[in-house]
Amino acid sequence: MTGAAAWRGKDTKVVDLAGRMLMPGFIDSHNHLATLGVTKLGLNISGIVGKDKVLKAVREYVAAQPPGATLRGFGWLAHSTFGEEHPRREWLDEVTGDRPMYIMNADIHETWFNTAAMKAAGIGAHTPDPDPGKQYYIRDPDGSLSGLAIEGAAFPILMALGMTSRETVRESQRLTIERAPSQGLTSYFDAGALLGGESRSGNWVFEDLVARDKAGELPIRIVGTVYTRSAHDDPQAVAEELVRCAKKYRSEHFRIGACKMWTEGTFPASTAKLLQPFEDGARGGEMFFTPEHIEAQIEAVQKAGFDMHVHVDGDASTRIVLNAFENVQKRLGSQGRRHTMCHVSLVDPTDVPRFGKLGVVVNGTPLWATDYNGVDYDRYQKLLGPRRFEERLLPYGDIARSGATFTIGADLGGVDIDECAPLIQMEAAITRQRPGHRDDRPMVARQRMSVEEAIKAYTINGAYQLRMENEIGSIEVGKKADLIVLGANLFEIDPHDIHRTPVLLTLMDGKARHNKLPA
């Protein structure tokens, strides 16, 4: 305080925090706030189980929408909402008639649609799968579309029904980017401005964000990406697009910093690549790229002077990508790169020490490491069996204590908008239970993180991943005044109350972006 007193001026406001907690602003290191809020518009069927109950909710939703309104929704769970059945377009047809509708699943990797939506998109039995076996349509024996699209196969429908329009994206940003300061977020890494089609970059979304920033209207720092998710993408062309976008889209609080690479589907949807089959004999999925393609992409991006951010979910794919990083490092050296692997839902214990040894950052979403929606604990036990469940499921605690840099990202798309709040994700990391459900069975209790580990993951570690540790992520002389005030000291309260702790003040560059401090 003595040192601070020297900086007081006539306009200085002195605030007594009265025991509240001052800390660096939260840094979300994997999210999609710019575009994927669009996946959480419309009908939320999370927690509704059974075909009849879901269709009842759809019927009530449709009846409440004005003529011409886009019908959309989200929240169903593979292998849970409808048992082992795939949802079908005829089910929706009975309720929606000739009005197009789609409903994305909870992690947005699968999309259920009706016949009218299929017609609006101009797709049918004649439409080829964009990436057979990896991004495709579930078909009936005669080749006709059943009403379920896997991964990017849904893009024609989503685009036809306006999900990627400027109007829809801007509507969603009011629920995501505009609310970020109230959640204590001052910076985030956008892991792909997904708009469908062939573009690997955000195009007009990037332009909009830069324009908003130059007008003084961007309330959060953003590091964006150029992405690749198709084996048809040329690694060198992706790297060149990354360089172009980094030069073209840049402002005080927005820049392009990495290449995002999807290598496969997801473990919960059984589309991730596994070292051993699931307990029911299913073998899981296949990767979108060959190991050689992954290496080529890493090498091209590294030579261009940028970092990779790689989506992996299965234990086999985790090992393949680690091998790719190791092989590139043997050829080029590390060259100061800060490559990241995100999700890593399954990791063989022998691979855990490799992240730290290779200098690979690991990013995780702690809420997924709980009994999410009240069904994942039993579902994962069934898929993996007790040994693999305990040994390799979402091993965030092991990774954080192995010497690797661990960061946290809420990953909108895979969680609801309200669940992007860092204090919700932090509590999940510390308890391995759903916030508000202290009686939940912890999802592998030994993987719990300490309060200190979780705070580091959301602050200085995130700053390191974003290459901003000299500017943000800690409270130090010379750094930007990205600060937040919480209503309680996280080290002193019951961990199960963390998600209830109010964010009272959020500063970015010393300017209040959110202020609920008592007068």
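Our subject is the structure that appears above.
Because the structure is a prediction, the values reported are computed rather than measured.

### A few points about the packing of helix α14 (residues 422-431) against helix α15 (residues 451-458)
1) Next: Here α14 crosses α15 at 140°, and the two axes come no closer than 9 Å. Comparing their axes, α15 and α14 come out oblique. When the axes of α14 and α15 are compared, the crossing they make is right-handed. Counted together, P422, Q425, M426 and I430 of α14 and V451, A454, I455 and Y458 of α15 form the full contact between these two elements.

### With respect to the sheet that holds strand β17 (residues 503-508)
1) Next: What the 4 strands build is an open sheet, ordered β1-β16-β17-β18; its pairing is antiparallel. In this open sheet, the two strands that pair with only one neighbour each are β1 (21-24) and β18 (511-515). Averaged over all adjacent pairs, the angle separating strand axes in this sheet is 20°, with direction ignored.

### Regarding α15
1) Next: V451, A454, I455, A457 and Y458 are the residues of α15 that are buried. Relative to the axis of α15, the buried residues are bounded by an arc of 160° and lie together on one face.
2) Next: Where the residues of α15 are buried, they touch β1, β2 (26-31), β15 (406-408), α14 and α16 (460-465).

### What about the sheet that holds strand β12 (residues 307-312)?
1) Next: If you walk across this open sheet you meet the 8 strands as β2-β9-β10-β11-β12-β13-β14-β15, and the pairing is parallel. A strand with exactly one partner marks an edge of an open sheet, and here the two such strands are β2 and β15. Direction aside, neighbouring strands of the sheet carry axes that sit 25° apart on average.
2) Next: One ladder, built from 7 bridges, connects strand β10 (residues 221-228) with strand β11 (residues 254-262); its direction is parallel. Across the sheet, I222 pairs through a bridge with F254, a residue of β11.
3) Next: Helix α7 (residues 204-214) rests against β10 and β11 of the sheet, and its axis sits at about 155° to β11.
4) Next: Contacts from helix α10 (residues 315-332) reach β12 and β13 (340-343), with the element oriented near 160° to β12.

### Focus: the pairing of β18
1) Next: Here 4 bridges tie β17 to β18, and the two strands are oriented antiparallel to one another. What sits directly across from L507, in β18, is A512.
2) Next: Here β17 hands over to β18 after 2 residues, with D509 in that stretch at a positive phi of 55°.

### Some remarks on unusual backbone geometry
1) Next: One non-glycine residue, A18, lies in the positive phi region at around 50°.
2) Next: Along the chain, A18 turns up in the loop between α1 (2-5) and β1.
3) Next: For A18, a relative accessible area of 59% translates into the label exposed.
4) Next: Positive phi values are uncommon outside glycine, yet R432 reaches one of about 55°.

### Details of the side chain of D371
1) Next: Tracing the backbone shows D371 in the loop between β14 (361-364) and α12 (376-392).
2) Next: Here D371 is buried and forms no salt bridge, its nearest opposite-charge partner R441 lying at an N-O distance of 4.3 Å.
3) Next: At 2.9 Å, the side chain of D371 and the backbone nitrogen of D376 are in polar contact.
4) Next: The contact partners of D371, leaving out residues within four places of it in the chain, are D376, Y377, R434, D440, R441 and M443.

### Quick look at the pairing of strand β5 (residues 101-105)
1) Next: By the criterion of burial, β5 is predominantly enclosed, with 5 of the 5 residues buried.
2) Next: Bridge count between strand β4 (residues 71-76) and β5: 5 bridges; the pairing is parallel. Note on β5: the bridge partner recorded for G73 is I103.
3) Next: Handedness of the crossover joining β4 and β5 through helix α3 (residues 89-96) is recorded here as right-handed.
4) Next: Looking at chain direction, β5 and strand β6 (residues 110-113) are connected through 3 bridges and run antiparallel. Bridging across to β6, I103 finds its partner in W112.
5) Next: If you look at the hairpin formed by β5 and β6, you'll find 4 residues sitting between the two strands, and I108 has a positive phi there, around 60°.

Conventions adopted
- Residues numbered from 1 in each chain as written.
- Predicted model: local features only at pLDDT ≥ 70, side-chain atom pairs only at ≥ 80, totals over all residues.
- Heavy atoms only, no water.
- Axes fitted to C-alpha atoms, helices over the stretch in contact; angles between N-to-C directions.
- Helix = DSSP H or I, 4+ residues; strand = E, 2+ residues; numbered from the N terminus.
- Parallel < 35°, antiparallel > 145°, perpendicular 65-115°, else oblique.
- Left-handed = near helix turned anticlockwise from the far one by under 90°.
- Contact = heavy atoms within 4.5 Å.
- Pairing = 2+ DSSP bridges.
- Buried < 20%, exposed > 50% of the residue type's maximum accessible area, 1.4 Å probe, protein only.
- Arc of directions from axis to C-beta.
- Lys, Arg positive; Asp, Glu negative; His and termini not counted.
- Salt bridge = Lys/Arg side-chain N within 4 Å of Asp/Glu carboxyl O.
- Polar contact = N/O pair within 3.5 Å; in protein donor to acceptor, adjacent residues only side chain to side chain.
- Right-handed = clockwise from strand over helix to strand, strands pointing away.

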